[in-house]
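Coordinates in review
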Amino acid sequence: MNQLIMRIKSLDRKTLILTLAGLLLLLNLGRLSFSAYSSQQAEAVEKQNLLVQYQEAAGQLPALKKRVTRLQQKSAMLDKYLFTGTAEAEISSAMQIMLQELVTKAGLEPESIRPMVSGAQKGARDFHEISIKIRLAGTQSQFIDFIAQLYRSDKLFQVESFTLKPYKKSEMKIFIDLKGFYTLKNA
């Protein structure tokens, strides 16, 4: 150990500083190399994780395609049951005409069929609704026939409520609140 100290003392200061600088430079190069290697390792692990996620997503693709097809079929079926038009007034008129035909076929006397147009609501749904108030006069069997025709029709209506009140001997007054459903298409 004493010999090492003697050798260091015998070296010139310039040589000692240059040796120390060279050693520090080597250590710094080693640190930079290790940092670059670590970042490449992290990047490789990240790419491997992305590849695994991609493979999982690609494996789910056939099931997702089948689900999209089923949802498109369901959407087409629902669209068949909805009224379609360019304006709410046009659609409410079509609903009113259809209900008038059903009332007439059932043999009921229409007192009023009034759609309550409120303006199409902008929302997350693809369909809208119109409330319809109906006042009729007729017999119970005619009313049952009307409801049967309404549910057999190819358009979607929801009966919100109805009230039956006796009128004359065999007839009654009928009050029905319906909702009709529709979609708007661009003109």
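Residues numbered from 1 in each chain as written. Predicted model: local features only at pLDDT ≥ 70, side-chain atom pairs only at ≥ 80, totals over all residues. Heavy atoms only, no water.

Section: the overall build of the chain
Scanning the chain for helices and strands turns up 4 helices and 5 strands. Along the chain, from the amino end to the carboxyl end, the secondary structure elements read α-α-β-α-β-β-α-β-β. The C-alpha radius of gyration of the chain comes to 41 Å, more than 25% above the 16 Å expected for a compact globule of 187 residues. Along the first, second and third principal axes, the C-alpha atoms of the chain reach 135 × 35 × 35 Å. Residue pairs at least 24 apart in sequence account for 66% of intrachain contacts in the chain once pairs closer than 6 positions are excluded. Taken as two groups, the 26 positive and 17 negative side-chain charges of the chain have centres that lie 10 Å from each other. (Helix = DSSP H or I, 4+ residues; strand = E, 2+ residues; numbered from the N terminus. Rg over C-alpha atoms; globule rule 2.2 N^0.38 Å. Contact = heavy atoms within 4.5 Å. Lys, Arg positive; Asp, Glu negative; His and termini not counted. Charge placed at Lys NZ, Arg CZ, Asp CG, Glu CD.)

Here's the deal with unusual backbone geometry
With a phi angle near 60 degrees, Lys168 is a residue other than glycine that sits in the positive phi range. By the element assignment, Lys168 lies in the loop between β4 (157-167) and β5 (171-184). Relative accessible area serves as the criterion here: at 63%, Lys168 is assigned to the exposed category. (Buried < 20%, exposed > 50% of the residue type's maximum accessible area, 1.4 Å probe, protein only.)

Considerations on the nonpolar core
Leu99, Ile132, Ile134, Phe146 and Phe157 are the most contacted members of the largest nonpolar core, which has 24 residues in total. Contributing elements (two or more residues each) for this core: α3 (88-106), β3 (128-138), α4 (140-152) and β5. Top contributing element to this core by residue count: α3, with 7 residues. With residues near it in sequence (within four places) discarded, Leu99 still touches Ile113, Ile132, Ile134, Phe146, Leu150, Phe157 and Leu178. (Core = buried A, V, L, I, M, F, W, Y, C linked by side-chain atoms within 4.5 Å.)

Side note on the packing of aromatic side chains
Within this structure, the stated rule accounts for 3 aromatic pairs. Here the aromatic rings of Phe83 and Phe157 are separated by 5.7 Å at their centres, their planes lie at 70 degrees, and the arrangement is edge-to-face. Separated by 74 residues along the polypeptide, Phe83 in strand β1 (residues 83-85) and Phe157 in strand β4 bring together distant segments of the chain. Exposure class is identical for Phe83 and Phe157. Each is buried. Ring geometry for Phe143 and Phe162: centres 5.4 Å apart, planes at 45 degrees, overall tilted. With Phe143 in helix α4 and Phe162 in strand β4, this pair connects stretches of sequence that are 19 residues apart. With relative accessibility at 6%, the residue Phe143 sits in the buried group. Directly above the ring of Phe83 sits Lys155, whose terminal nitrogen or CZ lies 5.5 Å from the centroid. (Phe/Tyr/Trp six-rings, centres within 6.5 Å; stacked < 30°, edge-to-face > 60°. Lys NZ or Arg CZ within 6 Å of the ring centre and 35° of its normal.)

Structural notes on a nonpolar patch on the surface
Together, Leu20, Leu23, Leu24 and Leu27 line one region of the surface with nonpolar side chains, adding up to about 420 Å² of accessible area. Locating Leu27 in the fold gives a position in helix α2 (residues 13-81). For Leu27, a relative accessible area of 57% gives the class exposed. (Patch = residues over 30% accessible without salt bridge, like charges linked within 9 Å, V, L, I, M, F, W, Y side chains within 5 Å. Areas by Shrake-Rupley, 256 points an atom, 1.4 Å probe, with all protein chains shown as cover. Salt bridge = Lys/Arg side-chain N within 4 Å of Asp/Glu carboxyl O.)

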